[in-house]
Amino acid sequence: IVLAGAGLLGSCPLWGLISLAVKLEDGGPVLYGQERVGQNGTVFRALKFRSMVDGAENKTGPIWASEDDDRVTRVGRFLRARALDELPQLWSIFRGDMSFVGPRPERPELVAKFRKEIPNYDRRFLAKPGLTGLAQIYGKYDSHPRDKLRYDALYIRNQGFWLDIKLITLSFWITFRGK
């Protein structure tokens, strides 16, 4: 909570610049909120800076975004490459819905689909969801959910302070490089 609070306060100047860039690009909303499924299947609302065109899923409904998704705006590509679109999720960490490290929280519609397709998918809800994790560092953006579940299960079995520090450090390194 303390680190998330410090992150929120320290990133305030960035929030202003990002908000201005998103707004100037297409005039749409700056923030984008979605329901996500967290620990023990609890649903919470997560916020992100909007990186896709406004109303990106109006025609399709919830779909899995791809790495080169044409719905992503120019500003959105910049934000995503540096994980700046994720800054508002510090609020979810501050509130206790998320942690810095853990399985990425998914949308309820996709969770329902994956529960039908992937045995033991609910194992990922044993831990609090996080901004980063093994799947985000060692998997690919468009890795199959089954592969991401393997990373999530490995994290849940081995989670601890030093692993979290290692994953956070690696995340900063990857983000700093814009990868």
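Structure: see above.
Here the structure is a predicted model, which is why all the values come from computation and not from measurement.

A. Seen up close, the packing of helix H2 (residues 12–26) against helix H3 (residues 74–81). At a minimum axis distance of 9 Å, the contact between H2 and H3 shows a crossing angle of 150°. As far as their axial angle goes, H3 and H2 are roughly antiparallel. On H3, the residues that touch Ile 18, Ala 21, Val 22 and Glu 25 of H2 are Arg 74, Val 75, Gly 76 and Leu 79. When its residues are assigned to classes, the contact of H2 with H3 shows 5 nonpolar, 1 polar and 2 charged.

B. Structural detail: unusual backbone geometry. For Asn 40, which is not a glycine, the phi torsion comes out positive at approximately 60°. Position of Asn 40 relative to the elements: it lies in the loop between strand E1 (31–37) and strand E2 (43–49). For Asn 40, a relative accessible area of 63% gives the class exposed. Located in the positive-phi region is Ala 83, a residue other than glycine, with phi close to 60°. Mapped onto the elements, Ala 83 comes out in the loop between H3 and helix H4 (89–95). Ala 83 sits in the partly exposed class, given a relative accessible area of 31%.

C. Spatial organisation of the packing of helix H1 (residues 2–10) against H2. Contact pair H1 / H2: the axes reach a minimum separation of 4 Å and the direction vectors enclose 55°. Overall, the two elements H1 and H2 adopt an arrangement that is oblique. On the side of H1, the interface is formed by Leu 8, Leu 9 and Gly 10, while H2 contributes Cys 12, Pro 13 and Trp 15. Each residue belonging to the contact of H1 with H2 can be placed in one class, and the counts come to 5 nonpolar, 1 polar and no charged.

D. Focus on a nonpolar patch on the surface. Taken together, Ile 1, Trp 91 and Phe 94 make up a surface patch of nonpolar side chains, about 320 Å² in accessible area. Among the structural elements, Trp 91 can be located in helix H4.

E. Fine view of the nonpolar core. By size, the foremost hydrophobic cluster in this structure holds 15 residues, and its most contacted members are Ile 18, Phe 49, Leu 79 and Leu 87. Looking at this core, the elements that each hand over two or more residues are H1, H2, E2, H3 and H4. When residues in this core are grouped by element, the largest group, 3 residues, is from E2. In terms of nonpolar packing, the next biggest core, distinct from the first, is built from 8 residues, Leu 110, Phe 114, Tyr 121 and Leu 149 among them.

F. Highlighting the side chain of Ser 171. Locating Ser 171 in the fold gives a position in helix H8 (residues 161–176). Here Leu 167 takes part through its backbone oxygen, which lies 2.9 Å from a polar atom of the side chain of Ser 171. Among residues more than four places away in sequence, those in contact with Ser 171 are Thr 132 and Ile 137.

G. Fine view of H3. Buried within H3 we find Val 75, Gly 76 and Leu 79. Looking down the long axis of H3, one finds its buried residues gathered within 100° of arc, a one-sided arrangement. Turning to H3, the residues buried within the fold contact H2 and E2. Backbone geometry just downstream of H3 places Ala 83 in the positive-phi region, at approximately 60°.

H. The pairing of E2, seen in detail. The sheet contact formed by E1 and E2 spans 7 bridges and is antiparallel. Bridging across to E2, Gly 33 finds its partner in Leu 47. Between E1 and the antiparallel strand that follows it, E2, lie 5 residues; Asn 40 among them carries a positive phi value of about 60°.

I. Representation of the pattern of salt bridges within the structure. For the coordinates displayed, the defined rule picks out 9 salt bridges. The salt bridge involving Arg 50 is made with Asp 26; its shortest N-O contact spans 2.6 Å. Taken as a pair, Arg 50 in the loop between E2 and H3 and Asp 26 in helix H2 lie far apart in primary sequence, 24 residues in all. We classify Arg 50 as buried; its relative accessible area is 6%. Judged by its relative accessible area of 36%, Asp 26 is partly exposed. Here Glu 86 and Arg 104 are joined by a salt bridge, their closest N and O atoms 3.1 Å apart. Placement of Glu 86 in the loop between H3 and H4 and of Arg 104 in the loop between strand E3 (99–101) and helix H5 (108–117) is noted, with a sequence separation of 18 residues between them. Residue classification places Glu 86 among the buried residues on the basis of a relative accessible area of 17%.

Rules used throughout
- Residues numbered from 1 in each chain as written.
- Predicted model: local features only at pLDDT ≥ 70, side-chain atom pairs only at ≥ 80, totals over all residues.
- Heavy atoms only, no water.
- Axes fitted to C-alpha atoms, helices over the stretch in contact; angles between N-to-C directions.
- Helix = DSSP H or I, 4+ residues; strand = E, 2+ residues; numbered from the N terminus.
- Parallel < 35°, antiparallel > 145°, perpendicular 65-115°, else oblique.
- Contact = heavy atoms within 4.5 Å.
- Nonpolar A, V, L, I, M, F, W, Y, C, P; charged D, E, K, R; others polar.
- Buried < 20%, exposed > 50% of the residue type's maximum accessible area, 1.4 Å probe, protein only.
- Patch = residues over 30% accessible without salt bridge, like charges linked within 9 Å, V, L, I, M, F, W, Y side chains within 5 Å.
- Areas by Shrake-Rupley, 256 points an atom, 1.4 Å probe, with all protein chains shown as cover.
- Salt bridge = Lys/Arg side-chain N within 4 Å of Asp/Glu carboxyl O.
- Core = buried A, V, L, I, M, F, W, Y, C linked by side-chain atoms within 4.5 Å.
- Polar contact = N/O pair within 3.5 Å; in protein donor to acceptor, adjacent residues only side chain to side chain.
- Arc of directions from axis to C-beta.
- Pairing = 2+ DSSP bridges.

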